Amino acid sequence: MLVKIQQWMDQYDMLAAGDSVMAAISGGADSVCLLSVLQKLAPARGWQVRALHMHHGIRGEEADRDEDFVRKLCKDLGIPLTVIHENVPLYAKEQRLSEEEAGRILRYEALEKAAVQWEEESKKPTGTVKIAVAHHQDDNAETILHHLLRGSGFRGLSGIPPVKGRRIRPLLCVRRDEIRDYLRENDYAWCEDSTNTDSGYTRNRIRQELIPLMTEKVNRRAVENILHAGELIAQADEYLEQEAGWIFGMSGRVEDGRAAVALDVFCGQKPIMRSYILRLMLDQAAPGQKDLTGKHYEALDGLAYGRPGGHLDLPGRLMAGRDYRELWIGPDAEGGHKDLSGEMARVGELSVVWDPSEENGEAGGLVFTTFSRKNEWEIPKNQYTKWFDYDKIKGTLSVRTRRSGDYITLAGGGRKSISRYMIDEKIPRDERDQIQLLAEGSHILWVIGFRISEYYKVTEETTRILQAGKTEDRTNVG
């Protein structure tokens, strides 16, 4: 086992003689194996080894048990340990990420920070402290399958890289069973994470159900073949990434965290190359962001071919937009609008995102109800309660201030930008950004206090109605 891992590490130049390495340790079997292997190999190579454990603020007493176990293990092995406490659920909520992704981001941030501090303390050159994580071959196969099922591109299908920056993966040459056999033979204990058996997680179902089925019913070498395919895809991925970098270097730019590319160049590329350019732009705007799937890339590609002024909200507080010349991706705060998505409610099958406070002027929040149309019912006239054809609404509604690209549908099917509408209505310039809108994407159902879109109006064919009214107006005719 030690010889196999050492040869793997040498193959990818993971650690040179005299290097330092910070190992991520959770207390599970894989990380215990990693720490043990590094500790045993270190003396002959002159490596210095430290460990870092993160308490994620999840799993209660079980997480406390893991921390106690790691502290004792590192003490027994004589390895300095750093313990970090984070509130992963809170961070996930704030950043609109899954808890898994939030935990990954915080964990790597803590490891990077600890590595940099170690370099500064020991006056080592930048990058000489490596970060070791405990991914193994089964993790790699599961990752490839998971990304395949999520609709990922070549990067996801190429699997987990042995080396990425200062991150190294010494166990990526061994299987899960080899790791446990090694621990048992050397009398090492480890902690079991109860979430690893929770079938509610997709990755667990892949591990516990899909891969065993493939191995038993299709090909006993399924895992090996998946990994081989990943290696081939990684080679293609590297080539396409280089080509995309050349194209972006000639036609793109990065300013203040926002990546932009010339539309004429972008739209002139083959679909696969456009996806690589988008990936490069996302890496520039949000390095390490992994909550983006194939559907997000499709939406971004569609945005490039859409109307000027269009925009798209992305995970991790990112936004993309298109003007007449460029497609851009950047932080949400750079998108030129106020984010009012403080609360979410359900109205029938619809989701409504809004800010119920009155911090954005007098409009305040809205109360939503739905009801079936009665043949004899006539639409009342009311400035602050309006009625819409429920079945014409297909996406999430939001109550917010105006954004570039917003429009309203006129009688006859024509469109008018909200900016033009406000000018035509002689709304004072300093009030335009204070007026709330009820919107489905860029299509405005209602300029609150003013007019509604002709497209969403109740007609004789309407069967279900959405009523939206300001909190101070309790009208309800349903």
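Here the structure is a predicted model, which means the values were calculated and not measured.

A. Representation of the sheet that holds strand S8 (residues 258–262) within the structure. In spatial order, the strands read S7-S8-S11-S10-S9; together these five strands make up an open sheet with antiparallel pairing. Strands with a single pairing partner mark the edges of an open sheet, and in this sheet they are strand S7 (252–255) and strand S9 (311–314). The sheet shows a mean angle of 15° between the axes of neighbouring strands, direction not considered. Sitting on the sheet, helix H10 (residues 222–251) is in contact with S7 and S8, with an inclination near 85° to S8. Contacting S7, S8, S9, strand S10 (318–322) and strand S11 (326–331), helix H12 (residues 271–285) runs over the sheet at an angle of about 35° to S11.

B. The arrangement of the pairing of strand S20 (residues 443–447) in detail. Taken across its five residues, S20 has five buried, putting it largely inside the fold. By the bridge criterion, four bridges tie strand S19 (residues 437–440) to S20 in an arrangement that is antiparallel. Bridge assignment links Leu437 to a residue of S20, and that residue is Val447. Once S19 ends, the chain turns through two residues before running back antiparallel as S20, passing Gly441 with a positive phi of about 65°.

C. Examining the nonpolar core more closely. By size, the foremost hydrophobic cluster in this structure holds 37 residues, and its most contacted members are Met9, Leu35, Leu38, Leu171 and Leu183. Sorting the residues of this core by element identifies helix H1 (2–11), strand S1 (20–24), helix H2 (29–45), strand S2 (48–55), helix H3 (60–77) and helix H8 (176–185) as the ones contributing at least two each. Tallying contributions element by element places H2 first for this core, with nine residues. Core analysis: the second largest hydrophobic core is formed by 25 residues, Ala259, Leu278, Ala304 and Leu318 among them.

D. Examining the packing of aromatic side chains more closely. All chains considered together, the criterion is met by four aromatic pairs. Here Trp8 and Tyr12 contribute two aromatic rings whose centre-to-centre distance is 4.7 Å and whose plane-to-plane angle is 55°, an arrangement assigned as tilted. Assessed through its relative accessible area of 15%, Trp8 is described here as buried. Judged by relative accessible area, which is 34%, Tyr12 ranks as partly exposed. Ring geometry for Phe388 versus Trp446: centroids 6.3 Å apart, planes at 50°, classification tilted. A residue pair is termed long-range when its members are at least 10 positions apart, and Phe388 in strand S15 (residues 385–389) and Trp446 in strand S20 qualify at 58 residues.

What counts and what doesn't
Residues numbered from 1 in each chain as written. Predicted model: local features only at pLDDT ≥ 70, side-chain atom pairs only at ≥ 80, totals over all residues. Heavy atoms only, no water. Pairing = 2+ DSSP bridges. Helix = DSSP H or I, 4+ residues; strand = E, 2+ residues; numbered from the N terminus. Axes fitted to C-alpha atoms, helices over the stretch in contact; angles between N-to-C directions. Contact = heavy atoms within 4.5 Å. Buried < 20%, exposed > 50% of the residue type's maximum accessible area, 1.4 Å probe, protein only. Core = buried A, V, L, I, M, F, W, Y, C linked by side-chain atoms within 4.5 Å. Phe/Tyr/Trp six-rings, centres within 6.5 Å; stacked < 30°, edge-to-face > 60°.

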